[in-house]
Amino acid sequence: AAVARRTLAADASARAARALPRPGSPPAAAPRAAARPHRTVHDCRHGTDLPGGKVRAEGEEATGDAAVNRAYAGLGATFDLFLNAFGRDSIDGSGLPLIASVHYDRDYANAFWNGEQMVFGDGDDEIFLDFTLPVDVIGHELAHGFTQHTANLEYFSQSGALNESVSDVFGSLVKQYALGQSAEAADWLIGEGLFHPNVQGRALRSMKAPGTAYDDDVLGKDPQPAHMDDYVRTSGDNGGVHINSGIPNHAFYLAATELGGNAWERAGRIWYDVMTGGTLTPGTRFAEFAAATVKAAKDRYGDGAEIQAVLKSWAAVGVPV
Ligand code: ASN
Ligand code: ZN
């Protein structure tokens, strides 16, 4: 049966190779058009119907609404990172149109990827400002789409914390790439500028120093660990996906700063290779992910500084490789 299948496949491809171009199709040697984003921003006008009314499409000029324009720019910044740093055409690798809705609901203090698009609230104006403000938050939400189209890490427990961490990694890289910042110059914060001035804190999370992003009377203290010894076992937050992401977040930070230079070039490429390499499963846990980064570092860079940096980083956060 296997032989027969191969023969059939060979026949089919030979037929395809002999096929004449259809009238109107471009000549075979024509260069492919450069990939470009296909963005659409919608306005929910404080309702919850998605996507809401279209207010800005690709190529249209800025509107009078800063949230719309920030979302549009953030989609572009994320598209640019994936294309220019990794050669990926949009988050699915096939030019997926990028859709965002702003002004979702009233006093909505979050942003999310719903499987098809991004959604941003205006914040509650007591703790959170507008969720389109930090470009890394836009990158974070879109990176959930990237994960959905690649490793599809299950949003629970360790695989969920990896899903969250991958969104923080690529969200932070979107910001670093947009600002042209090296690993040394980057703040490694997620959601800097999102808190209301009343809040005692700089950001939602810190990849450089998990657990120190905020310490506030109302919010309490940033609960993120930076080491497996402090892994938080909880039934809340899908098993602490936004908490324990501090551990792989910190490993990425350590690898990127150990290597130095632009984080998207080597550390980012290794993490990208892991996500797109086809070896992860939805249930992948920290140790398996760490082993995959070691293999990816070796496959791409051989026995050099990269694999050493990756090994050292996972050891520093207590994940065995
Ligand atoms: N903003 C959150 C996130 O992207 C929403 C959520 O909990 N899924 O992680
Ligand atoms: Zn997330």
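Residues numbered from 1 in each chain as written. Chains lettered and ligands numbered in written order. Predicted model: local features only at pLDDT ≥ 70, side-chain atom pairs only at ≥ 80, totals over all residues.

## Points about the UniProt feature "domain: Peptidase M4" (unreviewed entry) in the protein
According to UniProt, the "domain: Peptidase M4" (unreviewed entry) feature falls on residues 65–148. Counted over residues 65–148, helix gives 42% and strand 13%. Its end C-alpha atoms are 30 Å apart. (UniProt positions renumbered as here; feature names shortened; annotations may be inferred. Helix = DSSP H or I, 4+ residues; strand = E, 2+ residues; numbered from the N terminus.)

## Considerations on the environment of H250
In this fold, H250 is placed in helix α6 (residues 246–259). C-beta crowding within 10 Å serves as the criterion here: with 25 such atoms nearby, H250 is assigned to the buried category. Distance from H250 to S206, taken between C-alpha atoms, is 8.4 Å for residues 44 residues apart in sequence. (Buried ≥ 20, exposed ≤ 12 C-beta atoms within 10 Å, placed from the backbone.)

## Some thoughts on the site of ligand 1
Within the structure, ligand 1 sits among N110, A111, F112, H140, E141, H144 and E164. Of all elements in the fold, only β4 (111–113) and α3 (135–149) reach the threshold of two or more residues within the shell around ligand 1. Examining the composition of the shell around ligand 1, we find that three residues originate from one element, α3, more than from any other. Residue composition of the shell around ligand 1, grouped by class: two nonpolar, three polar and two charged. (Near = placed C-beta within 6 Å. Nonpolar A, V, L, I, M, F, W, Y, C, P; charged D, E, K, R; others polar.)

## A short note on the domain arrangement of the protein
Domain boundaries in the protein define domain 1 (39–149) and domain 2 (157–316). For domain 1 versus domain 2, the distance between C-alpha centres works out to 22 Å. Contacts between the two partners involve 23 residues from domain 1, matched on the other side by 28 residues from domain 2. Of all the elements in the fold, those that place two or more residues in the side of domain 1 that touches domain 2 are α2 (66–86) and α3. Counting residues per element, the side of domain 1 that touches domain 2 draws most heavily on α3, at nine residues. Looking at the side of domain 1 that touches domain 2, its residues break down into 14 nonpolar, five polar and four charged. (Domains from an automatic or database assignment. Contact = placed C-beta atoms within 7 Å.)

## Let's talk about the UniProt feature "domain: Peptidase M4 C-terminal" (unreviewed entry) in the protein
When the UniProt feature table is mapped onto this chain numbering, "domain: Peptidase M4 C-terminal" (unreviewed entry) sits at residues 151–319. This span, residues 151–319, is 49% helix and 5% strand, and a straight line between its end C-alpha atoms measures 20 Å.

## Observations concerning the pairing of strand β3 (residues 98–102)
Of all five residues making up β3, five are buried, and the element is well covered by its neighbours. Side-chain alternation along β3 places L98, A100 and V102 on one buried face and I99 and S101 on a second face that is also buried. Pairing geometry for strand β1 (residues 39–43) and β3, over five bridges, is parallel. Residue pairing for β3: V41 is matched across the bridge by A100. Sheet analysis places β3 next to strand β5 (residues 118–120), joined by two bridges and oriented parallel. (Pairing = 2+ DSSP bridges.)

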